[in-house]
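Given next are the chains, with one letter for each unit.
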Amino acid sequence: MLNYLKIHRKIRQALALTALVLMPNLAAFGQQPAASISVVDGTMIWDSGSEQGQPVALFGVNYAVPFAYSYRALQKRGIDHKAAIDMDVAHMARLGLDAYRVHVWDRQISDQHGNLLTNEHLELFDYLLLKLAEHKIRVIITPIAWWGSGYPEPDPDEPGFSSFYSKAQMNQDAKAIKAQHNYLKQFFSHINPYTKLSYGQDPNIVAIELFNEPRHEDSLKNNESYIEGLVKSVRELGNNKPLFYNISEQGNNVDFARRLCSTSIDGVAYQWYPAGLVKNSELASNLLGSVAHYHDPFADIAGCKTKAKMVYEFDAADTAKSTMYPAMARSFKEAGFQWATQFAYDPAAIADTNSDYNTHYLNLLYTPSKAISFMIAAQVFRQIPLGQKQDDFPQSNHFTTAQGKIELDYAQDTSVLLSPTQFLYSNATEQQPASQTQLSQIAGVGSSPLVNYQGSGAYFLDKVSEGNWRLEVYPDVLTLQDPYQSSSLKREVGRLYSKPQNISILLKELGKNFMVSGLNEANKLTVKAKDGAFTVLPGVYLLSEKPVQSAELTKLDRHYFVPPMKSPALTVIHQVQRELSLADNLIFSVQVGSAQTPDKVELAIKYRGHRDFTIFAMQAGQANTYQVSLPKNDPEWLVAGQLEYGFVLTLNGQKTTFPGAVSGSPRDWDFVATQPFWHSELRPIGAPLTLFDALADRATTIYPNGAKSTWKYVSGEQGQGLALQLSSSELDDKAGAQNSLIRLTLASNNQMSSRNLHDYNTVAIKVRAVQQNETLQFSLLDANGLAHGIDLDVGLGWQYLLVPLSALQTVDTILPQSYPMFMPPVISATQQSVAQQNGAEPWYNNLQQLQGMQFAFSTKKGDKIHLKARHAVEIAEVKLIQR
């Protein structure tokens, strides 16, 4: 397979110098000039090309290899930047993306006066623009980032003009403004040596966003003149591309929005981070309700109705699930957006660390399910008509496009696109394709009715011609730890494995015994499928109903990009559960990372205090996962206590035990454990079941949108354990006011999905008020992440408050702190009640899918005595019990 990252840097530099002399313009090497765009009555329209007269709909990513941390991290690893760009842009195109945006780090390519510096950053950016054009990915450039290039490291000293001014001074200080005008003129006049075109001339650069996230102060009235000055600097160059300016960074500032929309800009730019940013841990909760609609407070301003709308950055930050992107794409189109670019796509060469922007994680190789979900989102964005009204949540999880339908399932972690020509799925699905006769593309992770595949990487099947399909298979990936922790190039969070995997493809036009021919470099496989099944390594293959001549094979796309893979150390990933019950199905699972399939995987388990381990054979499942259940009626496993266990992998006849990767088996007389075994508490049937424990739970907090609360951990009752103290400096009793305190998810080692919760009907909260009696609203979050709560009177002493689940009623659902700040802080109880009117089954019949809990202070109408005082409560634990 091609390994572009091993190309020697000096060779690349020599090629780059040659390219400067020899590279023709786009038309000379077969590229069709990109169509230009006009803005007509607030809508971007294609001026030419096959889509002439049609509304624009472009969807893609931000990506920063030429600049900032990405550049430095690749340099530290000795990786060729252009090779990294080749790989990443090819993967973007593989996902069907057609939009790219970046805020250029002006501090790296300018001096104090705004003069453009020709350096390695600008040259790499030029190369990136060439590669994007080759793959027909259109570009919007934001030439002024203002930010220093350090994050997540400290900012270095940099020569650029914006280093000398605060963000607010950028639109106030005369010298800063002069430098920006100078910089914009030089930047858009710069000739890209690869395309022989200036940025202003390049038809693949379809629009410009003038400044990334500006900060304007309302006390100053020069906002319009500053913006018009930027517009003039660009227009004087003869540049007629649509010009955008940020409208959402100022928050819910209608006056600023009105003044902005009175200027001569062509469009306004928004962002969306509905899950907040930089939690430093995975956010494991169903947040689909937070993206059912995009709330635009400026939509009814007359001047803004004539401006086109773009989303310059968005992401479901800190979330590993694969359902959010299609929902966000749907809501963007409903709100009138025609451009949306996620922030930010991870370079594959450093995606094993997710150290670029640790709160974001999107890469075809390392997050294949999210990547396929993003591919589906791109189709949604193209296929939903602009401004089409969409359903409220949770009905919005199932919606149609112009060409098919979309199914989102948080519990199964699946996004599925079903159309006559496409069948796309982010994880294993039982959904049937819409049609086989018209089908031309399949892409997915896991198995489906048409593809049985046990690997964990993504694969793509594209119809080349009648009876011929191109198969592209990417490596297995194993997530080693929470990828959303603080950034470090030293922390490996994901690992790729080039492992033989069985695959079975059931396409009627191929039949059961089709030919399989390797296409990518060094892939010499030639084999005949048996009943549609064969074995593959990562690579590219032609599947053909009839034998194909070698001359025909050479005409097919043989490109295949993967980074070098580390020595494939045998590894397992297991999520221990701290509590189990004798009423549960005692299921143990482990995901294995290896370069070849183990001979066998076994569970070694015993009660604490017992000497001998019992061995159970485990069965292989999806994504290199092995599973076994303890025998339900065996009296040996019907006793409460503490279970200790590990996993024994046999590979080429050699046994290795985890945790610790210790040679041998715990059953060996001379086995020496190097670290403690995993353990779970096995509780009696009907024992209280913990939902939250302040001492044990970490990384479960979600800060509410618009909240004025604080929290900290304090000593528990009589100095035992811990309590979570929630406080607010003042309360608001106005109608519709929110006094949100916190939202809590369930800990990763305390999930309910495999628990038997049938007879649990009451919740017990150990709580106390700190300074005066309080009225606390407590809520549980159902499978959809929607709240059902009750107001509780909390006294000063520690107490258990018992609440029947049937007493919990629909209340406002607290949403995470989101950006922009004008997003709604809650899903209203009224909206939820309307959405759930047709639901026949009570929400608490599905406790296995509980998403956590939330707390808020409740105020009684007219009681203003303590509104301005500090209010605080402490929660030690929340349990489910049987009564």
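What counts and what doesn't
Residues numbered from 1 in each chain as written. Predicted model: local features only at pLDDT ≥ 70, side-chain atom pairs only at ≥ 80, totals over all residues. Heavy atoms only, no water. Helix = DSSP H or I, 4+ residues; strand = E, 2+ residues; numbered from the N terminus. Rg over C-alpha atoms; globule rule 2.2 N^0.38 Å. Buried < 20%, exposed > 50% of the residue type's maximum accessible area, 1.4 Å probe, protein only. Contact = heavy atoms within 4.5 Å. Areas by Shrake-Rupley, 256 points an atom, 1.4 Å probe, with all protein chains shown as cover. Core = buried A, V, L, I, M, F, W, Y, C linked by side-chain atoms within 4.5 Å. Disulfide = S-S within 2.5 Å. Expected span 1.5 Å × (residues − 1). Pairing = 2+ DSSP bridges. Axes fitted to C-alpha atoms, helices over the stretch in contact; angles between N-to-C directions. Polar contact = N/O pair within 3.5 Å; in protein donor to acceptor, adjacent residues only side chain to side chain. Parallel < 35°, antiparallel > 145°, perpendicular 65-115°, else oblique. Left-handed = near helix turned anticlockwise from the far one by under 90°. Nonpolar A, V, L, I, M, F, W, Y, C, P; charged D, E, K, R; others polar. Salt bridge = Lys/Arg side-chain N within 4 Å of Asp/Glu carboxyl O.

Considering the overall build of the protein
Okay, step 1: Broken down by element type, the protein carries eleven helices and 52 strands.
Okay, step 2: Expected size for 883 residues packed as a compact globule is a radius of gyration near 29 Å; at 29 Å, the protein falls within 12% of this value.
Okay, step 3: Overall, the C-alpha framework of the protein stretches about 80 × 80 × 50 Å when taken along its three principal axes.
Okay, step 4: When the 883 residues of the protein are sorted by exposure, 59% land in the buried category.
Okay, step 5: Taking all contacts inside the protein whose residues are at least 6 apart in sequence as the whole, residues at least 24 apart take part in 71%.
Okay, step 6: About 34,500 Å² of surface is accessible on the protein, with carbon and sulfur atoms providing 50% of the total.

Here's the deal with the nonpolar core
Okay, step 1: Membership of the largest hydrophobic core comes to 148 residues, with the highest contact counts inside it found for Phe125, Phe187, Tyr245, Phe314 and Phe332.
Okay, step 2: Considering each element in turn, this core owes the most residues, nine residues, to helix α9 (residues 368-383).
Okay, step 3: Formed by 38 residues, the second largest nonpolar core is a distinct cluster that contains Leu689, Leu808, Trp843 and Leu850.

Overview of the state of the cysteines
Okay, step 1: Within the structure shown, the criterion is met by one disulfide.
Okay, step 2: At a sulfur-sulfur separation of 2.1 Å, the disulfide partner of Cys261 is Cys304. Taking the sign of the torsion about the S-S bond as the criterion, the disulfide between Cys261 and Cys304, at about 95 degrees, is right-handed. Highlighted residues: Cys261 in the loop between α7 (254-260) and β10 (267-272) and Cys304 in the loop between β10 and β11 (308-314), separated in sequence by 43 residues.

A closer look at helix α6 (residues 223-235)
Okay, step 1: Between its first and last C-alpha, α6 extends 18 Å over 13 residues, near the 18 Å set by a 1.5 Å rise per residue.
Okay, step 2: Inspection of α6 places Asn223, Tyr226, Ile227, Gly229, Leu230, Val231, Ser233 and Val234 among the buried residues, and these make up the whole buried set.
Okay, step 3: Contact partners of the buried residues in α6: α5 (174-189), β8 (205-209), β9 (243-246) and α7.

What to know about the sheet that holds strand β20 (residues 468-473)
Strands pair in a sheet through their backbones, by hydrogen bonds, and they do so in one of two ways: parallel or antiparallel.
Okay, step 1: The mixed open sheet is built from ten strands, whose spatial order is β13-β14-β15-β16-β17-β19-β20-β27-β24-β25. A strand with exactly one partner marks an edge of an open sheet, and here the two such strands are β13 (398-400) and β25 (526-528). Sheet twist, expressed as the mean angle between neighbouring strand axes with direction ignored, is 15 degrees.
Okay, step 2: Sheet topology note: the strand β16 (residues 422-425)/strand β17 (residues 441-445) ladder contains four bridges and is parallel. Of the residues in β17, the one forming a bridge with Phe423 is Ile442.
Okay, step 3: Relative to strand β14 (residues 405-409), helix α8 (residues 324-334) is tilted by about 130 degrees, and along the sheet it contacts β13, β14 and β15 (414-418).

Remarks on the sheet that holds strand β48 (residues 809-810)
Okay, step 1: Strand order in the open sheet formed by six strands is β40-β43-β51-β45-β46-β48, and the pairing between neighbours is antiparallel. Strands with a single pairing partner mark the edges of an open sheet, and in this sheet they are β40 (701-702) and β48.

Considering helix α4 (residues 120-134)
Okay, step 1: The terminal C-alpha atoms of α4 lie 21 Å apart, and with 15 residues this matches the ideal 21 Å at 1.5 Å per residue to within 8%.
Okay, step 2: Most of α4 sits out of view: twelve of its 15 residues are buried.
Okay, step 3: Along α4, the residues that are buried comprise His121, Leu122, Leu124, Phe125, Asp126, Tyr127, Leu128, Leu129, Leu130, Lys131, Leu132 and Ala133.
Okay, step 4: Two or three places before His121, at the start of α4, stands the capping residue Asn119, its side-chain oxygen 3.1 Å from that residue's backbone nitrogen.
Okay, step 5: Count one or two residues on from α4 and you reach Lys136, which has phi positive near 60 degrees.

So, the pairing of strand β22 (residues 494-497)
Okay, step 1: The alternating pattern of β22 places Gly494 and Leu496 and Arg495 and Tyr497 on opposite faces, both of which are buried.
Okay, step 2: In this sheet, β22 lies alongside strand β21 (residues 476-479) in antiparallel orientation, the contact comprising four bridges. Looking at β22, one finds that Leu478 is bridged to Arg495.

Looking at unusual backbone geometry
Okay, step 1: Across the junction of Phe393 and Pro394, the peptide omega takes the value 5 degrees, indicating a cis bond.
Okay, step 2: Residue Phe658 is joined to Pro659 through a cis peptide bond whose omega torsion reads 10 degrees.
Okay, step 3: For Pro659, the location among the structural elements is in the loop between β36 (654-658) and β37 (662-663).
Okay, step 4: Positive phi is not limited to glycine here, since Ala623 has a value of about 55 degrees.
Okay, step 5: Among the structural elements, Ala623 can be located in the loop between β33 (619-620) and β34 (625-629).
Okay, step 6: The exposure class assigned to Ala623 is partly exposed, which follows from its relative accessible area of 21%.
Okay, step 7: Residues other than glycine seldom take positive phi values, yet Ala661 does so here, at roughly 50 degrees.
Okay, step 8: Note that Ala661 resides in the loop between β36 and β37.

As for the environment of Ala275
Okay, step 1: As for its position among the elements, Ala275 is in the loop between β10 and β11.
Okay, step 2: A sequence separation of 150 residues divides Ala275 from Tyr425, and the C-alpha atoms of the two residues are 23 Å apart.
Okay, step 3: Those residues in contact with Ala275 that sit more than four places away from it in its chain are Leu283, Leu287, Ala317, Thr319, Pro816 and Gln817.

Re the packing of helix α3 (residues 81-94) against α4
Okay, step 1: Two numbers describe how α3 lies on α4: the axes approach to 10 Å, and their chain directions differ by 25 degrees. It follows that α3 is roughly parallel to α4 by the angle criterion. Helix-helix and strand crossings are classified by hand; for α3 and α4 the assignment is right-handed. Only Glu123, Leu124, Tyr127, Leu128, Lys131 and Leu132 of α4 make contact with α3, whose side of the interface consists of His81, Lys82, Ile85, Asp86 and Val89.
Okay, step 2: Among the residues forming the contact of α3 with α4, the class breakdown is six nonpolar, one polar and four charged.

Observations concerning the pattern of salt bridges
Okay, step 1: Taken as a whole, this structure holds 32 salt bridges when the rule is applied.
Okay, step 2: Residue Asp98 is joined to Arg382 by a salt bridge in which the shortest nitrogen-to-oxygen separation is 3.1 Å. Placement of the pair is Asp98 in the loop between α3 and β4 (99-103) and Arg382 in helix α9, with a sequence separation of 284 residues.
Okay, step 3: Judged by relative accessible area, which is 13%, Asp98 ranks as buried.
Okay, step 4: On the basis of relative accessible area, Arg382 is assigned to the partly exposed category, the value being 29%.

Read these as layout, nothing more, since geometry by itself doesn't imply function.
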